[in-house]
Amino acid sequence: MHPGLLIKPLVYQPESAHWFLRVRHLPYAIWLDSGHPGSPYGRFDIISAAPQCLLETHAEKTNIYFCDGKHEESYQNPFTLLKHYLPIDDQQIEGLPFVGGALGYFGYDLGRRLEKLPVKAQRDINLPEMCLGLYPWAIVQDHQLQQTWLVINETLNQRLGGIYNFSEIETLCLSSSHDGVPGKLDVFLAGNSNNFKINKFKRNLSPDNYSSAITRIQEYILAGDCYQVNFAQRFDTEFSGDPLTAYLLLRKALPSPFSGFMQLKNGAVLSLSPERFIQAHGKQVETKPIKGTIKRGASPIEDEANAHWLQQSLKNRAENVMIVDLLRNDLSKHCINVQVPKLCELQSFANVHHLVSTVTAELREDATAIDVLRDSFPGGSITGAPKIRAMEIIEELEPTRRSLYCGSLGYISTNGHMDTSIAIRTLVCV
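Before going into details, it helps to say that this report is about the structure given with it.

Reading the values: the criteria
Residues numbered from 1 in each chain as written. Predicted model: local features only at pLDDT ≥ 70, side-chain atom pairs only at ≥ 80, totals over all residues. Heavy atoms only, no water. Buried < 20%, exposed > 50% of the residue type's maximum accessible area, 1.4 Å probe, protein only. Helix = DSSP H or I, 4+ residues; strand = E, 2+ residues; numbered from the N terminus. Arc of directions from axis to C-beta. Polar contact = N/O pair within 3.5 Å; in protein donor to acceptor, adjacent residues only side chain to side chain. Phe/Tyr/Trp six-rings, centres within 6.5 Å; stacked < 30°, edge-to-face > 60°. Lys NZ or Arg CZ within 6 Å of the ring centre and 35° of its normal. Axes fitted to C-alpha atoms, helices over the stretch in contact; angles between N-to-C directions. Parallel < 35°, antiparallel > 145°, perpendicular 65-115°, else oblique. Contact = heavy atoms within 4.5 Å. Nonpolar A, V, L, I, M, F, W, Y, C, P; charged D, E, K, R; others polar.

Count 3.6 residues to each turn of an α-helix, and residues three or four apart come out pointing the same way. By the burial criterion, the buried members of helix α2 (residues 78-85) are P78, F79, L81, L82 and Y85. The buried residues of α2 occupy an angular sector of 155° when projected down its axis, which confines them to one face. The N-terminus of α2 is capped by N77, whose side-chain oxygen sits 2.8 Å from the backbone nitrogen of F79.

Set out below in structure tokens:
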């Protein structure tokens, strides 16, 4: 039915952690997590591991590692390399957003390959600016239809050398599907829920330095340099134990529709993001910037009052509109018919209310989802406006580079589909 694709039904699991536990021992295991059943905004979970090809960008160089041990190096733009190694065939598969392709992250500092920025902040986290695996298989869970599939993409396998061995993957996924118990989540949590420990968090800015930075930003705004700057500070601590344990506990407390866990060679990424960056489905493109936040109330009356205040806040609405205009401009580089069907819509999450806008567009005939991602990166909601000047001010005032934080986690499928997050509420364990 679909040349080059093998699609096998699996047993649906309300908790996708059951499936992830079966494959997380494999290298670069990744779980793009909709937050189900706690989040009402997500639908699909995508799980894979053991990429056939891995692209890791450090500064100007990208290392390309193949599963047969072959290694290449390139100084090309990382997005150009991705387009080279990832074939797009536009083969639309009903109900499947991902049929093999790229999974991983684009760090905030990958923006240095796209724009000329000053070099002032310290690079003290030794993670690649981009870490993407090309995975010729995946488990896809549809929580709306309560269906699960194993997808094997032989076409991608052949494009990348044709040496991928799917037998272990099929054994892991199919061996226990008949009894409906593909993983042992309860056993894992019972044995590990107390083994993840952290010390007290430390900030990378003192209160005085933080206040001085905010004052400097206000001076830039009054001088006409910028309209807004998304200023951030980092918190770090030492930890012990399995990061997956921490992720499972966090996702239970803060279920978010654009979450994800990625096992790295020497660490892990834990992201509990509520924010979509860019989605592409066929020719349809969407971004959903968040600007405007208030905590949930302790009682229904307080909660409703907080939500009403946020919706009426001129300051928060103004911030949101600025970023909507920025993203309309970014999308228009490769899209037509750019529209804003929802402006400052209230969305409620486990711990906060947000104002979320929706910007839609249509890809031009000569453009791809990767083009849109490249020329919109990093997301305007975590830089400010105008984007380049805001990034220069961030580099001046934040003492350390952001690394993955405020970058993006997501997928680009060989059928042209793409969905990416803004990597906020994100931890890296290194």
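From this point, things continue past the structure.
This part covers the packing of aromatic side chains. Within the structure shown, the criterion is met by 14 aromatic pairs. Between W31 and Y247, the ring centres sit 5.5 Å apart and the planes meet at 75°, which makes this aromatic pair edge-to-face. One end of the pair, W31, is in strand β2 (residues 30-33); the other, Y247, is in helix α7 (residues 243-253), with 216 residues separating them in the sequence. As far as the burial class goes, W31 and Y247 line up, both buried. Arranged with centres 5.6 Å apart and planes meeting at 20°, the rings of F196 and F239 form a pair that is stacked. Within this pair, whereas F196 is found in the loop between α5 (185-192) and β11 (197-198), its partner F239 is found in strand β15 (residues 239-240), the two being separated by 43 residues in sequence. Residue classification places F239 among the partly exposed positions, given a relative accessible area of 31%. An aromatic cluster of three or more residues is present, and its members are F20, W31, Y247 and F261. Across the ring face of Y220, the terminal group of R216 is positioned such that the distance to the ring centre comes to 4.1 Å. Note that R402 overlies the ring of Y108, its terminal NZ or CZ placed 4.8 Å from the centroid.

Two numbers describe how α2 lies on helix α10 (residues 369-376): the axes approach to 10 Å, and their chain directions differ by 170°. Classified by the angle their axes make, α2 and α10 are roughly antiparallel. Contacts from F79, L82 and K83 in α2 reach I370, D371, L373 and R374 in α10. Of the residues contributing to the contact of α2 with α10, the split by class is four nonpolar, no polar and three charged.

Read these as spatial facts, not as claims about activity.
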